[in-house]
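# Structure at a glance
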Amino acid sequence: MKFYKLTPEYERIKYELARIGVDSYALNMVKKGVSLNILVRDIKPPAANILKQESIASGMDAAVKRGAVSCSIDKTDVLLMGNAATFERLIKRLSAQVFGLKELAKELKTFLHSKEIKYITYNNGKIDLSKPLCMGILNTTPDSFSDGSLYETEEAVALRINEMVENGVDIIDIGGMSSRPFSDSISSDEEIKRIKFALDYVKQYDIIVSVDTNNYKVADYALNNGADIINDISGMTDDNMVSVCSSAKCAVCIMHMQGSPKDMQNDKNTEYENIIYDIHDFFSRSIDKCINAGIEYSSIILDTGFGFGKTVEQNYILLKYLREFKSFNLPLLAGISRKSMIGAVINKDVNNRLAGTVCANTAAILNGADIIRVHDIKEGIDTVKIADYILKASI
């Protein structure tokens, strides 16, 4: 007698059911083969107690805070633990309940059946996300942490753009202001001056252009000069930035950061109650702001902001549990390339972090990232190809 522990994925379980030779109707058993854990936050104890009872009756379980049963607390989170089949039964049972559980059932059903968006819309078209994408970094700055001063001349900028296009990068991300820790901000005029030639030169190529800025005046200039995406490290918290991007109908990348580059690594800006839920809440607020201003949901990209107001340990927590941010069904961008979170682990300076970057980017893609932002173009493209091959491998 032999035992095998199968990977808990739908395609894997479905394959084994078919290989065993079950009756066709029994293929629906695949719904039972993969665990599904959903956290529902801030539920009043009376509703939470019924939710737990109905979960047990549906063949699953629910965990509530101590004191929920006696209603001695004001509210509780509820962790629902089951599979697709048991969640379907739970939704039916909750549909006849009170204390807002009928409404919860509707929202839960919508949440479970919502599909991940595998494209990005912007003013000139649609970006396909059927495979991970490689975003190449072009910093036209004198002080970026890795490549500062390398691309200050027009000749150097042109060569860098040519290199990225020739190697098959998917998106070029142009930045005119350093956002490294403890860096100072610059005027919008200076930032525009730094990116002007790059925006003009890249127009000869049919390629997606992103501009890395948190200044709405710079964003407005960039969008009027060929940019397709605004990559905002301040997470679209500025109403003026939201308005500019909405009017241009561009794509936007919402990045999470506490504080500013000048002070983001201070102790107060690396403090979280729960880093995953705090960032999740930040994204919810920024997404709502964008949608209310007229930005399309399918035009939004999320970036957890590796290295921006996070300790080394916090960065790796985010990397490990990156897929949890897929709750929004939006594309995820990972900007890990050469960062100090890599150097701190392998004890290498910024110019010797290529292997660490490749490892971290591979992990990011396998954990849900749709776009990796890289300095090393050839290696970044190879990373995307290998990670995509792993993801699409089928028994």
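These notes cover the structure that comes with them. Here the structure is a predicted model, which means the values were calculated and not measured. (Residues numbered from 1 in each chain as written. Predicted model: local features only at pLDDT ≥ 70, side-chain atom pairs only at ≥ 80, totals over all residues. Heavy atoms only, no water.)

### A few points about the overall build of the protein chain
Spelled out, the test is: The secondary structure listing takes helices from DSSP runs of H or I that are at least 4 residues long and strands from runs of E that are at least 2 residues long, numbered from the N terminus. Only the C-alpha atoms count toward the radius of gyration. The rule for a globule is 2.2 Å times the residue count to the power 0.38. Contact definition: two residues touch when any of their heavy atoms are within 4.5 Å. Computed by Shrake-Rupley with a 1.4 Å probe, the accessible areas treat only the displayed protein chains as cover when residues are assessed. Positive charges come from Lys and Arg, negative ones from Asp and Glu, while His and the chain ends are left out of the count. A charged residue contributes its charge at one atom only: NZ of Lys, CZ of Arg, CG of Asp or CD of Glu.
Per the secondary structure count, the protein chain includes 14 helices and 13 strands. Computed over C-alpha atoms, the radius of gyration of the protein chain comes to 23 Å, within 12% of the 21 Å expected from 2.2 N^0.38 for 395 residues, which places it in the range of a compact globule. Taken along the three principal axes of its C-alpha coordinates, the protein chain extends 70 × 50 × 45 Å. Counting only contacts in the protein chain whose residues sit at least 6 apart along the sequence, the fraction spanning at least 24 positions is 66%. Carbon and sulfur atoms provide 51% of the accessible area of the protein chain, an area that totals close to 19800 Å². Where the 47 positive side-chain charges of the protein chain centre and where its 52 negative ones centre are 8 Å apart.

### Description of the nonpolar core
Taken as a class, soluble globular proteins show a tendency for nonpolar side chains to be buried jointly. The line we're drawing: Joining through side-chain atoms within 4.5 Å is the link that ties buried Ala, Val, Leu, Ile, Met, Phe, Trp, Tyr and Cys residues into a set, and such a set is a nonpolar core. Partly exposed describes any residue whose relative accessible area lies between the buried limit of under 20% and the exposed limit of over 50%, with all areas from a 1.4 Å probe on protein chains only and scaled to the type maximum.
In this structure, Met 236, Ile 254, Phe 283, Ile 300, Leu 302 and Ile 336 are the most contacted members of the largest nonpolar core, which totals 69 residues. The element that contributes the greatest number of residues to this core is helix α10 (residues 275–292), accounting for 7 residues. What Phe 283 contacts, discounting residues up to four positions off in sequence, is Ile 254, His 256, Leu 302, Asp 303, Thr 304, Phe 325 and Phe 328. Counting residues in hydrophobic clusters, the runner-up holds 19 residues, among them Leu 51, Leu 94, Leu 101 and Leu 104.

### A few points about a nonpolar patch on the surface
To keep it simple, the criterion reads: A residue counts toward a patch only above 30% relative accessible area and without a salt bridge, and it is joined to like-charged neighbours within 9 Å or, for Val, Leu, Ile, Met, Phe, Trp and Tyr, to nonpolar neighbours within 5 Å. By definition here, a salt bridge exists when the distance from a side-chain nitrogen of Lys or Arg to a carboxyl oxygen of Asp or Glu is within 4 Å.
A cluster of nonpolar side chains, contributed by Leu 39, Leu 79 and Met 81, occupies part of the molecular surface with about 200 Å² of accessible area. By secondary structure assignment, the location of Met 81 is in strand β3 (residues 76–83). Accessibility expressed as a relative area gives 32% for Met 81, which makes it partly exposed.

### Thoughts on the sheet that holds strand β2 (residues 61–63)
Convention followed: A strand pair is defined by DSSP finding two or more bridges across the two strands. To define axes, lines are fitted to C-alpha atoms, for helices over the stretch in contact only, and angles between the resulting N-to-C directions are given on a 0 to 180 degree scale.
Ordered by their spatial adjacency, 3 strands build an open sheet running β1-β3-β2, and the pairing between neighbours is antiparallel. Edge positions in the sheet fall to β1 (35–43) and β2, since each has one partner strand and no second. For this sheet, the mean angle separating the axes of adjacent strands, direction not counted, is 20°. Examined bridge by bridge, β1 and β3 share 7 bridges and lie antiparallel to one another.

### Here we look at the sheet that holds strand β10 (residues 251–255)
Spatially, the 8 strands close up into a barrel ordered β6-β7-β8-β9-β10-β11-β12-β13, and their pairing is parallel. Taken over all neighbouring pairs, the strand axes of this sheet differ in orientation by 25° on average, direction set aside.

### Describing the pairing of strand β7 (residues 171–175)
Where burial is concerned, most of β7 is hidden: 5 out of the 5 residues are buried. Summarising the sheet, strand β6 (residues 133–139) and β7 pair through 5 bridges and their orientation is parallel. Considered in β7, the bridge of Asn 139 is made with Gly 175. The sheet contact formed by β7 and strand β8 (residues 208–212) spans 5 bridges and is parallel. Bridged to Ile 171 within β8 is Ile 208.

### Some thoughts on the pairing of strand β4 (residues 119–122)
Pairing of β4 with strand β5 (residues 125–128), which is carried by 4 bridges, proceeds in the antiparallel orientation. When the sheet's bridge partners are listed, Tyr 122 is paired in β5 with Gly 125. Linking β4 back to β5 in an antiparallel pair, the connection comprises 2 residues.

### Some points on the packing of aromatic side chains
Selection criterion: What counts as a ring pair is set by centres within 6.5 Å for rings of Phe, Tyr and Trp (its six-membered ring), and what kind of pair is set by the plane angle: stacked under 30 degrees, edge-to-face over 60, tilted for all other angles.
Overall, the coordinates contain 4 aromatic pairs when judged by the stated rule. For the ring pair Phe 282 and Phe 283, a centre distance of 6.1 Å and an interplane angle of 55° mean the geometry is tilted. Considered together, Phe 282 and Phe 283 belong to a single accessibility category, that of buried residues. Put simply, the rings of Phe 282, Phe 283, Phe 325 and Phe 328 pair up and form one aromatic cluster.

### Notes on helix α8 (residues 216–223)
Turning to α8, its buried residues are Val 218, Ala 219, Tyr 221, Ala 222 and Leu 223. Buried-residue contacts for α8 involve α7 (188–202), β8, β9 (229–232) and α9 (239–248).

### Details of the packing of helix α4 (residues 84–94) against helix α5 (residues 101–113)
Which entries qualify depends on this criterion: Reported orientations rely on four angle classes, namely roughly parallel under 35 degrees, roughly antiparallel over 145, roughly perpendicular from 65 to 115, and oblique for the rest. By definition, any crossing whose near helix is turned counterclockwise from its far helix by less than a right angle is left-handed, and any crossing with a clockwise turn is right-handed.
As a packed pair, α4 and α5 sit with axes 8 Å apart at the nearest point and diverge in direction by 150°. Considering their axes alone, α4 and α5 lie roughly antiparallel with respect to each other. Handedness of the crossing formed by α4 with α5: left-handed. Packed against α4, whose contacting residues are Phe 87, Leu 90, Ile 91 and Leu 94, the element α5 presents Leu 101, Lys 102, Leu 104, Ala 105, Leu 108, Lys 109 and Leu 112 at the interface.

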